[in-house]
Amino acid sequence: MATIDRAEVLITSPGRNFVTLRITTSDGVVGLGDATLNGRELAVAAYLRDHLVPLLIGRDPARIEDMWQYLFRGAYWRRGPVTMTAIAAVDVALWDIKGRVAGLPLYQLLGGRSREEVLVYAHASGSSVEEMLDDVAAAREAGYRAIRVQCAVPGSAGTYGVKKNGRYEPADHALPDEQPWDTEAYLQFAPGYLAAAREALGDGFPLLHDVHHRLAPLEAARFGRSVEPLHLFWMEDPTPVDSQDSFRLIRQHTTTPIAVGETLSSIYDVKQLITEQLIDYVRTTVVHAGGITHLRRIFDLADLYGVRSGSHGASDLSPVTQSAAVHLDTAIPNFGIQEHMGYPDLVAEVFHGGATYAGGALHPSEEPGLGVTYDDAAAARFEYSPKYLPVARRLDGSVHDW
Ligand SMILES: O=NC(=O)[C@@H](O)[C@H](O)[C@H](O)CO
Ligand SMILES: [Co+2]
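Rules used in this analysis
Along every chain, residues carry numbers that run from 1 in the direction the sequence is written. The lettering of chains begins at A and the numbering of ligands begins at 1, in the order of writing. Under the rules for a predicted model, residues below a pLDDT of 70 receive no local features and side-chain atom pairs below 80 are neither given nor counted, while totals for whole chains, interfaces and linings still include all residues. Only hydrogens and water are removed before side-chain values are computed, so all heavy atoms of the structure are retained for them. Being near a molecule or strand, for a residue, comes down to having at least one heavy atom within 4 Å of it. Counted as a polar contact is a pair of N or O atoms within 3.5 Å, where, for protein atoms, one must be capable of donating a hydrogen and the other of accepting one, and residues adjacent in sequence contribute only when both atoms are in side chains. Exposure was quantified through the Shrake-Rupley algorithm and a 1.4 Å probe, taking into account, for residues, occlusion by the shown protein chains and nothing else. Residue polarity follows a fixed list, in which Ala, Val, Leu, Ile, Met, Phe, Trp, Tyr, Cys and Pro are nonpolar, Asp, Glu, Lys and Arg are charged, and the others, Gly among them, are polar. Segmentation into domains, and thus their bounds, comes from an automatic or database assignment. Contacts between residues were defined by any pair of non-hydrogen atoms, one from each residue, lying within 4.5 Å. Put simply, buried area is how much 1.4 Å-probe accessible surface two parts lose in total, over both of them, once they are put together. Salt bridge, as used here, is a side-chain nitrogen of Lys or Arg placed within 4 Å of a carboxyl oxygen of Asp or Glu. Secondary structure counts use DSSP, requiring at least four H or I residues in a row for a helix and at least two E residues in a row for a strand, with both numbered from the N terminus. Excluding water, the donors of a metal are its N, O and S neighbours within 2.8 Å, or within 3.2 Å for Na, K and Ca, and that exclusion means sites may look incomplete. Exposure classes here rest on a 1.4 Å probe applied to the protein chains alone. A residue is buried below 20% of its type maximum, exposed above 50%, and partly exposed in between. In plain words, nonpolar cores are sets of buried Ala, Val, Leu, Ile, Met, Phe, Trp, Tyr and Cys residues tied together by side-chain atoms within 4.5 Å. If DSSP finds at least two bridges between two strands, the strands pair. Lines fitted to the C-alpha atoms define the axes, with helices restricted to the stretch that makes contact. Angles between their N-to-C directions range from 0 to 180 degrees. For this classification, under 35 degrees means roughly parallel, over 145 means roughly antiparallel, 65 to 115 means roughly perpendicular, and everything else is oblique. Here a crossing is taken to be left-handed if its near helix is turned anticlockwise relative to the far helix by less than a right angle, and right-handed if that turn runs clockwise.

The name given to the chain in an unreviewed UniProt entry is Mannonate dehydratase, and the organism recorded there is Salana multivorans.

Asker: What's the story with the site of ligand 1 in this structure? I'm lost.
Answerer: What surrounds ligand 1 is a group of 15 residues, the closest being Asn-38, Tyr-160, His-212, Glu-236 and Glu-262. Within the side chain of Asp-210, an N or O atom sits 3.1 Å from an oxygen atom of ligand 1. Here an oxygen atom of ligand 1 sits 2.7 Å away from a polar atom, N or O, in the side chain of Glu-262. Within the complex, 94% of the 330 Å² of free accessible area of ligand 1 lies under protein. Partitioning the shell around ligand 1 into residue classes produces five nonpolar, three polar and seven charged.

Asker: Looking at this structure, I do not really get the domain arrangement of the chain. What am I missing?
Answerer: Interfaces are often sized by the amount of accessible area the parts lose when they come together. Looking at the assigned domains, one finds that the chain contains domain 1 (4-104) and domain 2 (109-369). If you average the C-alpha positions of domain 1 and of domain 2, the two centres end up 26 Å apart. The interface is formed by 35 residues belonging to domain 1 together with 35 residues belonging to domain 2. Carbon and sulfur atoms supply 65% of the area that domain 1 and domain 2 bury against each other, a total of about 2,700 Å² over both sides. Run the count over domain 1 and domain 2 and you get three salt bridges. For Arg-297, the salt bridge goes to Glu-65, with nearest N and O atoms at 3.1 Å. In this structure, the connection of domain 1 to domain 2 is made through 13 residue pairs in polar contact (both at pLDDT 80 or more). Those elements that provide at least two residues to the side of domain 1 that touches domain 2 are strand S2 (18-25), strand S3 (30-34), helix H2 (64-74) and helix H3 (81-102). Looking at the side of domain 1 that touches domain 2 element by element, the count peaks at 13 residues for H3.

Asker: Could you clarify how one ought to interpret the side chain of Thr-25 in this entry?
Answerer: One can find Thr-25 in strand S2. Filtering out sequence-adjacent residues up to four positions away, Thr-25 remains in contact with Ala-2, Thr-3, Ile-4, Asp-5, Pro-61 and Ile-97.

Asker: What's the story with the coordination of the cobalt ion (ligand 2) in this structure? I'm lost.
Answerer: Four donors placed tetrahedrally around a metal ideally meet at 109.5 degrees, and six donors placed octahedrally ideally meet at 90 or 180 degrees. With distances of 2.0 to 2.3 Å, the protein atoms coordinating the cobalt ion (ligand 2) are Asp-210 (OD), Glu-236 (OE) and Glu-262 (OE). Counting residues between consecutive donors of the cobalt ion (ligand 2) along the chain gives the motif D-x25-E-x25-E. With Asp-210 in strand S7 (residues 207-210) and Glu-262 in the loop between strand S9 (258-260) and helix H9 (267-275), the pair connects residues that are 52 residues apart, well separated along the chain. You'll find Asp-210 and Glu-262 in the same group, each marked buried.

Asker: Can you help me understand the nonpolar core in this one?
Answerer: The nonpolar side chains of soluble globular proteins are, as a tendency, buried together. Grouped together as the largest cluster of nonpolar side chains are 116 residues, with contacts concentrated most on Ile-23, Leu-48, Val-90, Tyr-186 and Phe-223. In terms of residue count, H3 provides more of this core than any other element does, 10 residues in total. Residue assignment places this core across two domains, with domain 1 (4-104) and domain 2 (109-369) each supplying three or more. Not counting residues up to four positions away in its chain, the partners in contact with Leu-48 are Val-9, Leu-21, Ala-35, Val-53, Pro-54, Ala-86, Ala-89 and Val-90. Formed by eight residues, the second largest nonpolar core is a distinct cluster that contains Tyr-121, Leu-208, Phe-233 and Ala-259.

Asker: What should I look at first to understand the environment of Gln-322 in this one?
Answerer: Assignment of secondary structure puts Gln-322 in helix H11 (residues 319-331). The class for Gln-322 is buried, based on a relative accessible area of 13%. Considering only alpha carbons, one finds Gln-322 and Val-287, 35 residues apart in sequence, at a separation of 9.2 Å. Sequence-distant contacts of Gln-322, defined by excluding residues within four places in its chain, comprise His-340, Tyr-343, Ala-355 and Leu-362.

Asker: What exactly am I supposed to notice about the pairing of S3 here?
Answerer: Side-chain positions along a regular strand alternate between the two faces of the sheet. Burial analysis of S3 places four of its five residues in the buried class, which makes it a mostly covered element. By the bridge criterion, five bridges tie S2 to S3 in an arrangement that is antiparallel. Looking at the pairing, Ile-23 lines up with Gly-31 of S3. Between S2 and S3, which follow one another and run antiparallel, lie four residues, and Gly-28 among them has a positive phi close to 85 degrees.

Asker: I'm lost on the packing of helix H6 (residues 183-201) against helix H7 (residues 217-226) in this one. Help?
Answerer: Running from amino to carboxyl end, H6 crosses H7 at an angle of 20 degrees, the nearest separation of the two axes being 10 Å. What the angle tells us is that H6 and H7 run roughly parallel. Handedness of the H6/H7 crossing: right-handed. Touching Thr-183, Glu-184, Tyr-186, Leu-187, Gln-188, Ala-190, Pro-191 and Leu-194 of H6 are Glu-219, Arg-222, Phe-223 and Ser-226, all from H7. When grouped by side-chain class, the residues that make up the contact of H6 with H7 number six nonpolar, three polar and three charged.

Rendered as structure tokens:
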């Protein structure tokens, strides 16, 4: 029986920071797992290097479920994004190894193909409505068949989701950038620019919007109702999800579909949202929600309640996660849509292979396992430096949800 011989925590920064776990078996088979937690990367790197790697050496890489239970229950201190991202990295690396040993692309081990393609949505944004509409047109030109639209709100300088020089990278400061936020200005302004985007795209085109945790529950209900005539594909994170109850209030007032989950890391964090049908799409991801083993449990629970997947897929989730996500998206019955932002050009120098983009969809690699390889020589050229996500403050100076 092969055993886990080596487990390396690899940190690199090709245009942005990534943490990767590489597991090598006694047979020389290599598996990769993404361990990137934007703005808190080194916490996961330390959890892996100092606490999990010593437990992995000598264990059987084929026992994926047993490893997951061992790491989840054996920690005693359960759940949370750091723990679940570290467990995810081990889990995905072991699934990668299993695929390589079997000589099969991962989706074949997850039940085989349920769909011909994985529909993705692009980001379009602007510091003005005109700029946003140009970006919407560019996304359509690039073949995207679903588009998320964000626009700067006058008076809120750092509005969430607005690209700078053609890319959106929120973790771009050595210390948190403090950005002003004016909820009433957003509630007055956003429905108008979303209506302009709907006008440009025409009815029926999947139009998404990320509220990004900014509204109180009743404000979110008001927002959802104000955009109802636009038939959004979804409004995302309309209110902070610390209290899942909040979504009952929103649900009572609006039929605008709701997507939640990118900040959540276990089935327990989404259980009420799913079983009370408070959401329509669950956005939990392979890298932050315990890996493939746990995420497929979340999607199976969601399927019982008519909730579909809509996984987070920002560029701070590495190509390892993107590949694993597309393998899972290809196989599950209740796939909804997959976020796709693409990566800075330098990323392809470190991460080779994985899912490919074509015609508004992502396609899984047909190579064994995930189909991703990691180039150490290239990675060594990109020095890590801490980068923080912004902090939002209301106009009175108090901290708000970013
Ligand atoms: O829907 N996508 C998002 O909300 C992302 O842009 C998140 O703010 C970043 O991934 C945080 O690192
Ligand atoms: Co989001």
